[in-house]
Amino acid sequence: MQLEITVNGKHLERKVDGDQRLIDFLREELGFTGVKEGCGVGECGACTVLIDGESVLSCLTRVAQVDGKEVLTVEGLAEGEDLHPVQQAFVETGGVQCGFCTPGFIMVAVELLERNPDPSREEIREWIEGNICRCTGYVKIVDAIELAAERMRTEGEKVGT
Amino acid sequence: MAFELLVPEDEEALFSLMEEKDYRLLAGGTDLYVQMEKDLLSPDRVIDITEVMAEPKIEEKKEKISILATATFQEIAESLLINRYFPVLAQSALAVGATQLRNMATIGGNICNASPSADSLIALYLLNPELVLKSSSRERQIALEDFITGPGETELFRGEYLKSLEISKISEDFSHYFEKVGRRNALDISVCTMGYILKEEDGIIEELRLAYGAVAPTVIRATSVEEYLEGKRLNQENVAEAKKLVKSEISPISDIRGSAEYREKVAARLVEKIGNNTDSSQ
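Residues numbered from 1 in each chain as written. Chains lettered and ligands numbered in written order. Predicted model: local features only at pLDDT ≥ 70, side-chain atom pairs only at ≥ 80, totals over all residues. Heavy atoms only, no water.

J.: Would you mind going over the overall build of chain B with me for this structure?
T.: Within chain B one finds 12 helices and 14 strands. For 282 residues, the compact-globule estimate of 2.2 N^0.38 gives 19 Å, and the C-alpha radius of gyration of chain B, at 19 Å, lies within 12% of that figure. In terms of overall dimensions, chain B has a C-alpha envelope of 60 × 45 × 30 Å along the principal axes. Sorting the 282 residues of chain B into buried and exposed places 56% on the buried side. (Helix = DSSP H or I, 4+ residues; strand = E, 2+ residues; numbered from the N terminus. Rg over C-alpha atoms; globule rule 2.2 N^0.38 Å. Buried < 20%, exposed > 50% of the residue type's maximum accessible area, 1.4 Å probe, protein only.)

See below:
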């Protein structure tokens, strides 16, 4: 099939197999290897990307389903050398350890802050409950999202694209 | 394994695609793709029905609320109409998976998969929706309890798709409750789920609807418990009797999530929640 899609702000037209997994298309065809495969069956959240602003699992999505839509991966967040506030906060608080789960957490956090600029710690914990991290114990991740939220509120920066 | 994934844009195209080949209908994909990944299903053709549906997904129609099959659990959990009229449905939607899963998974998918542990089915068994099924030649309505016939088994015919659910509004005097017992809060399949809607007058139960999941081949209504408790007070003696009745209603199995004995204990214990949390929706 002929796929028309916008990935990280760039409009693309490609001939693809409609049943290809979105994660494979993003990683192997486009080189966005920030999209990670953990479990492959929707239990770990590592492959989270935003489609039209909503977090979805790219391991359980096939490319024919995203025809005409906008996909955002972790690679599309920074503006030049400036990291997105959520990325910057993960770096500063120690929310990243081995880093494998990080892109998934960042994408779901970006969605949260777009919808709720001032979440409580409990609301943050609930929103990220579909993402698994085996290093941090989650405390630093919640700290990072809290810090990003605070900075984005005070700086009035816009989340996402 | 390779398959043909098609995304028809209208009903006519959908019906013609359903005329041939071994197909499965796709909405969110959170269950279908997992089953295909595990080789439990291997259809030649997968048909995405989401483009066929017109907005709005959740609509008030006089005495009823109509929900399109492709409404996602996030949309249901956040819907003002659902939170106002059917808090138990909003609560059960929020128990599904986690954020990303709720953005993808649909209520129609949950119904057609007919899993005995499907979270939203608890609420739906309490609310008795009529399902609207459409094929190229006719549209019919069927009650949810008649539609689901066993684990993973439904009355959906070849060439038919589930279009929407119509739920009659219920009295705002009901209190609503949903509880999921599992090993992990997110993304877990339950060991036992329970939900009820309850109307009390001066401490006496006027009407009770009680449903259980993951303890029988389908979600069930514990009708003997409902009948026993109606007209009574929730005192120790009545609750003890209700616990015994629950055990006679269920037929749990042992699997990797829990033993039959454990499930039976949990199911009986959950009876104690009736009336203790009269407004968990707030």
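Let us keep going from here.
J.: What exactly am I supposed to notice about the packing of helix 2 (residues 85–93) of chain A against helix 5 (residues 139–155) of chain A here?
T.: A pair of packed helices is captured by two measures, namely the crossing angle of their axes and the spacing between those axes. All names here are of chain A. Direction vectors running N to C along helix 2 and helix 5 enclose 135 degrees, while the axes themselves pass 8 Å from each other. Comparing their axes, helix 5 and helix 2 come out oblique. Of the two possible hands of crossing, helix 2 and helix 5 adopt the one that is right-handed. Across the interface between the two elements, Pro85, Val86, Gln88, Ala89, Phe90, Glu92 and Thr93 from helix 2 touch Lys140, Ile141, Asp143, Ala144, Ile145, Leu147, Ala148, Arg151 and Met152 from helix 5. Looking at the contact of helix 2 with helix 5, its residues break down into 10 nonpolar, two polar and four charged. (Axes fitted to C-alpha atoms, helices over the stretch in contact; angles between N-to-C directions. Parallel < 35°, antiparallel > 145°, perpendicular 65-115°, else oblique. Left-handed = near helix turned anticlockwise from the far one by under 90°. Contact = heavy atoms within 4.5 Å. Nonpolar A, V, L, I, M, F, W, Y, C, P; charged D, E, K, R; others polar.)

J.: Please explain the sheet that holds strand 10 (residues 161–168) of chain B as it appears in this structure.
T.: Backbone-to-backbone hydrogen bonds join strands into a sheet, with any given pair of strands oriented parallel or antiparallel. Residues and elements named next belong to chain B. If you trace the five strands from one edge of the open sheet to the other, you get 4-5-10-6-7, paired in antiparallel fashion. The open sheet has two free edges, formed respectively by strand 4 (58–61) and strand 7 (139–143), since each of these has just one partner strand. Neighbour to neighbour, the strand axes of the sheet diverge by 25 degrees on average, direction disregarded. Relative to strand 10, strand 5 (residues 64–68) runs antiparallel, the two being bridged by five bridges. Pairing of Ser66 across the sheet is with Glu166, part of strand 10. (Pairing = 2+ DSSP bridges.)

J.: Help me understand unusual backbone geometry in this model?
T.: Excluding glycine, residues mostly have negative phi values, and the peptide bonds linking residues are mostly trans. Residues and elements named next belong to chain B. Geometrically, the link from Glu55 to Pro56 is a cis peptide bond, its omega value of -5 degrees lying close to zero. The topology assignment puts Pro56 in the loop between strand 3 (45–48) and strand 4. Not every positive phi belongs to a glycine, and Asp202 is a case in point at roughly 50 degrees. A relative accessible area of 66% places Asp202 in the exposed class.

J.: Which parts of the structure should I look at to understand the domain arrangement of chain A?
T.: Note on interface size: it is often stated as the accessible area lost on association of the parts. Residue and element names in this part refer to chain A. Under the domain assignment used here, chain A contains domain 1 (2–76) and domain 2 (85–155). For domain 1 versus domain 2, the separation of C-alpha centres amounts to 21 Å. Counting residues at the interface gives 17 residues for domain 1, matched by 12 residues for domain 2. Of the roughly 1,100 Å² buried between domain 1 and domain 2, counting both surfaces, carbon and sulfur atoms make up 64%. Summed over the shared surface of domain 1 and domain 2, the number is zero salt bridges. Looking at the side of domain 1 that touches domain 2, the elements that each hand over two or more residues are strand 3 (48–51) and strand 4 (54–57). Of all the elements, strand 3 adds the most residues to the side of domain 1 that touches domain 2, at three residues. A per-class count over the side of domain 1 that touches domain 2 returns six nonpolar, seven polar and four charged. (Domains from an automatic or database assignment. Buried area = accessible area lost by both parts, 1.4 Å probe. Salt bridge = Lys/Arg side-chain N within 4 Å of Asp/Glu carboxyl O.)

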